[in-house]
Amino acid sequence: MKAPDDFNPVPGQPEELEPGVRRILAPNPSPMTYRGTNTYLIGTGDVAVIDPGPDLPAHLEAILVAIEPGQRISHIIVTHSHLDHSPLARALSQHCGAPVYGFGPATAGRSPAMQDLVDKGMQGGGEGIDTDFIPDISVRDGEILTGETWSLEIIHTPGHLGNHIALGLNDACFTADHVMGWASSLVSPPDGDLTDFMTSCQRLRDGSWRVFYPGHGAAVLDPSGRLDWLMGHRNAREAAILERLQHQPATPAELARAIYTETPPALLGAAERNVLAHLVDLAGKSIVSPIGALTPEAKFRLGTQADFS
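Each value, and the rule that gives it
- Counting from 1, residues in each chain are numbered in the order their sequence is written.
- Only residues with pLDDT of at least 70 are given local features in this predicted model, and only at 80 or more are side-chain atom pairs given and counted; all residues enter the totals for whole chains, interfaces and linings.
- Values reported for side chains reflect all heavy atoms of the structure, with hydrogen atoms and water molecules removed beforehand.
- Only DSSP runs of H or I with at least four residues qualify as helices, and only runs of E with at least two residues qualify as strands; both kinds are numbered from the N terminus onward.
- For every residue, the accessible area (1.4 Å probe, protein chains only) is compared with the maximum for its type, and the residue is labelled buried under 20%, exposed over 50%, or partly exposed between those bounds.
- Here a polar contact means two N or O atoms within 3.5 Å. Within protein one must be a hydrogen donor candidate and the other an acceptor candidate, and residues neighboring in sequence count only if both atoms are side-chain atoms.
- Should any heavy atoms of two residues lie within 4.5 Å, those residues are counted as being in contact.
- Ring pairs shown here join Phe, Tyr and Trp side chains whose ring centres sit within 6.5 Å, with only the six-membered ring taken for Trp; geometry is labelled stacked below 30 degrees between planes, edge-to-face above 60, and tilted in between.
- When DSSP locates at least two bridges between a pair of strands, those strands are taken to pair.
- Where helices are involved, their axes are fitted lines through C-alpha atoms of the stretch in contact, as for all axes, and angles between N-to-C directions lie from 0 to 180°.

**Student:** What should I look at first to understand the side chain of aspartate 281 in this one?
**Tutor:** Here aspartate 281 shows up in helix 7 (residues 268-284). Classification of aspartate 281 by relative accessible area gives buried; the value is 7%. There is a polar contact of 3.1 Å between the side chain of aspartate 281 and the side chain of lysine 285. Ignoring any residue separated from it by four or fewer positions in sequence, one finds aspartate 281 in contact with Leu194, Thr195 and Glu238.

Next up, the structure:
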């Protein structure tokens, strides 16, 4: 699904999306962040800052300037510890004195399957982990954070990253990088787990949401439809991988080049990691298996190891 061409806010300029919800775009556009990271300001008295973003002095200044007379930052909430979402939290906290909330450090919420890959030596996918991130206050799934004019429900949504959370504000949901309007989310083992990702998608799909406010791109005005597309997209990728493997074993890189035929070269590395995520998920379901050790460079084939022993 192509990004909407009309989403192009001015970085650093607050925009009111609905009463008590403002968005400030960080000046960090890239092939992976679209126009940049969306920082959200929630509330009219006590203000919660969702995802301060990358460590950029100009964005820090934009957040501080947006706090109006009679307002104060009471909560700094980080949805996950990627470098485009969390690093500015510490500097912002030092300026305003508010604590930083998050699910935990970068390894928090990591699935046993992904931990097993780490134990076997698999490195991260290069999507930029903020390994220094440690929240002042760790939140739990189902916990409610409150300010004078708002309450936010913590929804643990692992998949893009193990410590990823969404935040429910009445019938609006801040979905960060789990559901975006401009592209599908990156799931890159061992940081991202596709099995967890699909479970989190279904959990959000079971809710009654009016709007999703994502970490990148425009608001999603048809949350159910977007989730249906996102899960259908993943199921289609899985079917394409299995179809290719019917002919011969292949590596994630070979499968990515064969399947992602319209993907720009700059994004092929991310596509390869997405394919690997599918292969790890399928291996966990005993549908495919690696030839030898499960690594990003391994060839995969249909069937389990036992089928070839």
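From this point, the narrative continues.
**Student:** Even after reading the chapter, I still don't get the packing of aromatic side chains, so can you show me in this structure?
**Tutor:** Within a pair of aromatic rings, the relevant descriptors are the distance that separates the centres and the angle that separates the planes. If you walk through the whole model with that rule in mind, you get 5 aromatic pairs. Both rings, one in tyrosine 40 and one in phenylalanine 174, keep their centres 5.1 Å apart while their planes meet at 65°; by these two values the pair is edge-to-face. Of this pair, tyrosine 40 sits in strand 3 (residues 38-42) while phenylalanine 174 sits in strand 11 (residues 172-176); the two residues are 134 residues apart in sequence, bridging distant segments of the chain. The buried category is assigned to phenylalanine 174, whose relative accessible area is 1%. With 5.3 Å between their ring centres and 35° between their planes, phenylalanine 174 and tyrosine 213 make a pair best called tilted. Here phenylalanine 174 is found in strand 11, whereas its partner tyrosine 213 is found in strand 12 (residues 211-214), with 39 residues between them in sequence. As far as burial versus exposure is concerned, phenylalanine 174 and tyrosine 213 are alike and both buried. A connected cluster of aromatic rings, assembled from ring pairs, spans Phe7, Tyr34 and Trp182.

**Student:** In this structure, what is going on with the sheet that holds strand 1 (residues 15-18)? I would like to understand it.
**Tutor:** Each strand in a sheet pairs with its neighbour through backbone hydrogen bonds, running either in the same direction (parallel) or in the opposite one (antiparallel). In space, the 7 strands of this open sheet follow the order 1-2-3-4-5-6-7, with mixed pairing throughout. Strands at the two margins of the open sheet, each flanked by one partner only, are strand 1 and strand 7 (137-138). Note that strand 2 (residues 21-25) and strand 3 share 5 bridges and pair antiparallel. Its bridge partner lying in strand 3, valine 21 is registered against isoleucine 42. Helix 1 (residues 57-66) contacts strand 2, strand 3, strand 4 (46-50) and strand 5 (72-77) of the sheet and is inclined by roughly 155° relative to strand 2.

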